[in-house]
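Residues per chain are reported as follows:
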Amino acid sequence: EMLRSCLLLAAAAAASAFTVPVSVTTSVRPASLAKADSSFVATKRSLPVFAESKRHNALDALQMSCTSERSKQMPCRKECMLLGKRANNKMTISFSHRRHHKLQNVNLQWKRIWWEEGNTFVRLRVSTKAIKTLKTKPIQELAARVGLNLNEYRSG
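Notes on the structure follow. Because the structure is a prediction, the values reported are computed rather than measured.

With respect to the overall build of the protein
Then, number 1: Tallying secondary structure elements over the protein gives four helices and six strands in all.
Then, number 2: Along the protein, from the amino end to the carboxyl end, the secondary structure elements read α-β-β-α-β-β-β-β-α-α.
Then, number 3: The proportion of buried residues among the 156 residues of the protein is 17%.
Then, number 4: If you take every contact in the protein between residues at least 6 apart in sequence, the share linking residues at least 24 apart comes to 48%.

Description of helix 4 (residues 139-146)
Then, number 1: Turning to helix 4, its buried residues are Ile139, Leu142 and Ala143. Considered in projection along helix 4, the buried side chains sweep an arc of 95 degrees and stay on one side of the axis. Away from the buried face of helix 4 by more than 90 degrees, exposed residues Ala144 and Arg145 are located.
Then, number 2: Structurally, helix 4 contributes buried residues whose contacts are with strand 5 (108-115), strand 6 (120-127) and helix 3 (128-133).
Then, number 3: Just past helix 4, the residue Gly147 takes up positive phi, approximately 85 degrees.

Side note on the pairing of strand 3 (residues 88-93)
In summary, the side chains of a regular strand alternate between the two faces of the sheet.
Then, number 1: Judged from the six bridges that link them, strand 3 and strand 4 (residues 99-104) form a sheet pairing that is antiparallel. Bridging across to strand 4, Thr92 finds its partner in His100.
Then, number 2: With antiparallel pairing between neighbouring strands as the criterion, strand 3 and strand 4 make up a hairpin whose turn holds five residues, including His97 at a positive phi of roughly 70 degrees.

Description of unusual backbone geometry
Then, number 1: Positive phi, close to 70 degrees, is recorded for His97, a residue that is not glycine.
Then, number 2: Relative to the helices and strands, His97 is located in the loop between strand 3 and strand 4.
Then, number 3: Take His97: its relative accessible area is 54%, and that puts it in the exposed class.
Then, number 4: The backbone phi angle of Asn119 is positive, close to 55 degrees, even though this residue is not glycine.
Then, number 5: Judged by relative accessible area, which is 58%, Asn119 ranks as exposed.

About the thresholds
- Residues numbered from 1 in each chain as written.
- Predicted model: local features only at pLDDT ≥ 70, side-chain atom pairs only at ≥ 80, totals over all residues.
- Heavy atoms only, no water.
- Helix = DSSP H or I, 4+ residues; strand = E, 2+ residues; numbered from the N terminus.
- Buried < 20%, exposed > 50% of the residue type's maximum accessible area, 1.4 Å probe, protein only.
- Contact = heavy atoms within 4.5 Å.
- Arc of directions from axis to C-beta.
- Pairing = 2+ DSSP bridges.

Structural data, given as structure tokens:
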């Protein structure tokens, strides 16, 4: 008798992890052990309520995710902010000459770079090639070539 009531309470606890109970009676009387299933009231599944989405296709979803305030710090695509370098499609060829597609990503690093004209540091996600290029060319020239506004990326 005691084992059965413990099992019922454990089953109810496990079920409540996935559902929201409407009401649960805590007292179990020995006379009602035969009707132990009736001691628990039916539970409703909890469904999250979402607002209507105005996205109609994947392109709209991408544009909505890329135009947020956070996108200034986290670019949507793996792309160098100064040189515009992106991933390259290549083929890997095995010894038996089977060909598979492979994506060669750009080696991107978050760097704080001193911006002389703005007299401040700028935090950008740049490729290692761009880091080498910055030794010979000023950051203002590279940013103008890509159309990057460095005032949006000030970091102190």
